[in-house]
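Topology and contacts: notes
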Amino acid sequence: MVLLREVLSLIQKDLVLEWRQKYAFNGMLLYVSSTVFVCYLSFGLRSNVLTVPVWNAVLWIILLFTSVNAIAKSFMQENRGRLLYFYSIVSPQGVILAKIMYNALLMLVLALICFVFYAFVLGNPVQDVPMFLLSILLGAIGFSTSLTMISGIASKAANSSTLMAVLSFPVIVPMLLMLIKMSKNALDGLDRSLSLDELLTLLAINMIVVTVSYILFPYLWRS
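All values reported here derive from a predicted model rather than from experimental measurement. (Residues numbered from 1 in each chain as written. Predicted model: local features only at pLDDT ≥ 70, side-chain atom pairs only at ≥ 80, totals over all residues. Heavy atoms only, no water.)

Moving on to the packing of aromatic side chains. Taken as a whole, this structure holds 5 aromatic pairs when the rule is applied. Through pairs of rings, three or more aromatic residues link up here, namely W55, F115, Y118 and F132. (Phe/Tyr/Trp six-rings, centres within 6.5 Å; stacked < 30°, edge-to-face > 60°.)

Next up, the structure:
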């Protein structure tokens, strides 16, 4: 119960800060909308260029860079005094779980907005919408769980942005490949059983990353 109260209090703190500093969320919305518009200028004005695989790949590339930009500030925006204050009143497990849940919520909102705007501007070829939305949900959770811990590690270094990009590459690429395959099956309207392997693998990866973060973050927190 103590851990749950800590997590809820920290999530509430992040929501209040995000509400007060709307420029961060608005900046991500501007990034998403401008990227989709550039894709429209590049593909939408040319016939037979934006095929279904290209439509799928471009969407996930946009979501990937959106998640990196949104989650990179998880620990980098926290000043030393605030972190020292948190160190004295909450457990490290509460901090990492709250960050993961908040980032998952933020990424889910951004991913849904991106998908709706992307489908509106460039057309919606998705035949199995519920399965595609499930892949977006798993992608948002997967990106948030992986990148939150990496953000915590990178925040301890001098050049944190570069380090985060380097550390996240080997973790995100396998997840991204499975998400693209799963969403491609949904785009083609294939039987959902064909995506079961990718679904279970993504769930396993998310559970492993959360467990590892829960175990290892206290050692990073003490440093």
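We now examine the pattern of salt bridges. Here the structure, examined in full by the defined rule, presents 3 salt bridges. Ionic pairing is found between E198 and K181, a salt bridge with its closest N-O pair at 3.2 Å. Of the two residues, E198 is situated in helix α9 (residues 196–222) and K181 in helix α8 (residues 160–188); the sequence distance between them amounts to 17 residues. Take E198: its relative accessible area is 8%, and that puts it in the buried class. By relative accessible area, which is 47% here, K181 ends up partly exposed. (Salt bridge = Lys/Arg side-chain N within 4 Å of Asp/Glu carboxyl O. Helix = DSSP H or I, 4+ residues; strand = E, 2+ residues; numbered from the N terminus. Buried < 20%, exposed > 50% of the residue type's maximum accessible area, 1.4 Å probe, protein only.)

Looking now at the packing of helix α3 (residues 52–71) against helix α6 (residues 92–122). Running from N to C, α3 and α6 cross one another at 145°; their axes reach a closest spacing of 10 Å. Here α3 runs over α6; the crossing is right-handed. When α3 is examined against α6, the residues V54, W55, V58, L59, I62, L63, T66, S67, A70 and I71 are found in contact with a partner set consisting of N103, L106, M107, L110, A111, C114, F115, Y118, A119 and L122. Across the contact of α3 with α6, the residue classes tally to 17 nonpolar, 3 polar and no charged. (Axes fitted to C-alpha atoms, helices over the stretch in contact; angles between N-to-C directions. Left-handed = near helix turned anticlockwise from the far one by under 90°. Contact = heavy atoms within 4.5 Å. Nonpolar A, V, L, I, M, F, W, Y, C, P; charged D, E, K, R; others polar.)

Let's shift gears to the packing of α3 against helix α7 (residues 129–154). In the contact formed by α3 and α7, the axes pass within 10 Å of each other and the chain directions differ by 35°. Read as a crossing pair, α3 and α7 show a hand that is right-handed. Between α3 and α7, the residues in contact are W55, N56, L59, W60, L63, L64, S67, V68 and I71 and F132, S135, I136, G139, F143, S144, L147, T148 and S151, respectively. Its residues assigned to classes, the contact of α3 with α7 comprises 11 nonpolar, 7 polar and no charged.

Another point: the UniProt feature "transmembrane region" (unreviewed entry) in the protein. The positions UniProt marks with the feature "transmembrane region" (unreviewed entry) are residues 23–43, 55–75, 96–120, 132–150, 162–180 and 200–221. Along residues 132–150, the helical share is 100% and the strand share 0%, with 27 Å between the first and last C-alpha atoms. The span residues 162–180 carries 100% helix and 0% strand; its end-to-end C-alpha distance comes to 25 Å. (UniProt positions renumbered as here; feature names shortened; annotations may be inferred.)

A few words on α7. Relative to the 38 Å expected for 26 residues at 1.5 Å per residue, α7 spans 36 Å between its end C-alpha atoms, a close match to the ideal helical length. The element α7 is extensively covered by neighbouring structure, given that 19 of its 26 residues are classed as buried. (Expected span 1.5 Å × (residues − 1).)

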